[in-house]
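Coordinate analysis (summary)
One letter stands for each residue in the lines below.
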Amino acid sequence: MEELRYGADIAPLKESEVTLPLKDKEERLQELLRKFTSDPVVLAFSGGADSSLLLKELTLISPEVRLLPVFIDSFLNPRSSLESAQSFCKSLNLELTVLSVNELNHPLILNNDKSRCYHCKSLLFKTLKEYAKAQGAATVMDGTNYDDLFVYRPGLQALRELKILSPLALSALTKEEIRALGKEYQLKATAAPSSPCLATRFPYGTPLTRGDLERVAMAESCLKKFGFYNVRVRVHGSLARLELDAGALIRALALKEAIVKRIRELGFKYVTLDLEGFRSGSMD
């Protein structure tokens, strides 16, 4: 077997690996997965586009594969993610294991400095490794994609240290390609907007509290009920800065009175609309 690369060790891949046609990348992915499916496989499953495609691909390898999808229930994940994860696993006749982790007990995470993601991923994946050991599973996988390797992701270092396998990244599958494959398999999750950890809504150095995290989750849920797709509520003290898709800004202005009323009811004093629109990772 070729030497494996984990977390931050994955990039850069050879140009020939990155520029393969999509179907060739999928075949490369399936070839990689076959190497690990003779034994039980634990998958960090969020219910999002990346892990949903990976779980689907794992089910296509062999009906004999023992797949153990695990959802980490934490204060930093939007609660709606659990519902979608459970629904998807049920559709594949798989049982979803839910493990609870309380990041609020860990000062290095609550301090919210630039290494927060590293400490958080270390906590989450150590929990998964312990679960995998108890289940007799030697392999733990996650849904890191190739695009993730080129943005600020301190958590990749934790994945490397803990030898978490990221098959999508190893197969050079980008987010756009993952959504395209998901569309072919009619996976609802791959059409849904990304929903990263709630801590990303706060500037580094702003201590995280349970109340603030819940307030952000409720504010974003409120905006989605207005029909907006990509939604981020970035928090600056008592100010909520709303990031929406650029094409949705005019509609947001038309609904400004209703939006401001709902966001203020959650405890924010000021509500602003970011004219640059939605930008993933704008707090990095």
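Everything discussed here concerns the structure shown above.
First, a word on what this report is: a plain description of the structure on this page. (Residues numbered from 1 in each chain as written. Predicted model: local features only at pLDDT ≥ 70, side-chain atom pairs only at ≥ 80, totals over all residues. Heavy atoms only, no water.)

1. Overview of the pattern of salt bridges
Let me state the cut-off plainly: Salt bridge, as used here: a side-chain nitrogen of Lys or Arg that lies within 4 Å of a carboxyl oxygen of Asp or Glu. The buried label applies to any residue whose accessible area, calculated with a 1.4 Å probe on protein chains only, is under 20% of its type's maximum; exposed applies above 50%, and partly exposed to all values in between.
Here the structure, examined in full by the defined rule, presents 17 salt bridges. Here Arg234 and Glu243 are joined by a salt bridge, their closest N and O atoms 3.2 Å apart. In this structure Arg234 comes out as buried when scored by relative accessible area, which is 1%. The class for Glu243 is buried, based on a relative accessible area of 0%. Taking the shortest distance from any N to any O, the salt bridge between Glu276 and Arg279 comes out at 4.0 Å. With relative accessibility at 61%, the residue Glu276 sits in the exposed group. Residues joined by salt bridges that share partners form a network here, namely Arg234, Arg241, Glu243, Asp274, Glu276 and Arg279.

2. Thoughts on the sheet that holds strand S3 (residues 97–100)
Counted only if it meets this: When DSSP finds two or more bridges between a pair of strands, those strands are recorded as paired. What counts as a helix is a DSSP run of H or I of at least four residues, what counts as a strand is a run of E of at least two, and both are numbered from the N terminus. Each axis is a line fitted through C-alpha atoms, taken for helices only over the stretch in contact, and angles between the N-to-C directions span 0 to 180 degrees. For this analysis, residues touch if any pair of their heavy atoms sits within 4.5 Å.
Taken in spatial order, the 4 strands of this open sheet run S3-S2-S1-S4, and their pairing is parallel. The strands lining the two open edges of the sheet, one partner per strand, are S3 and strand S4 (139–141). Sheet twist, expressed as the mean angle between neighbouring strand axes with direction ignored, is 30 degrees. Bridging between strand S2 (residues 67–73) and S3 involves 4 bridges; their strand directions are parallel. Counted as the bridge partner of Asp73 is Ser100 from S3. Sheet contacts for helix H3 (residues 49–61): strand S1 (41–44), S2 and S4; angle to S1, the most-contacted strand, approximately 160 degrees. Of the strands in this sheet, S2 and S3 are in contact with helix H4 (residues 80–91), which crosses S2 at around 165 degrees.

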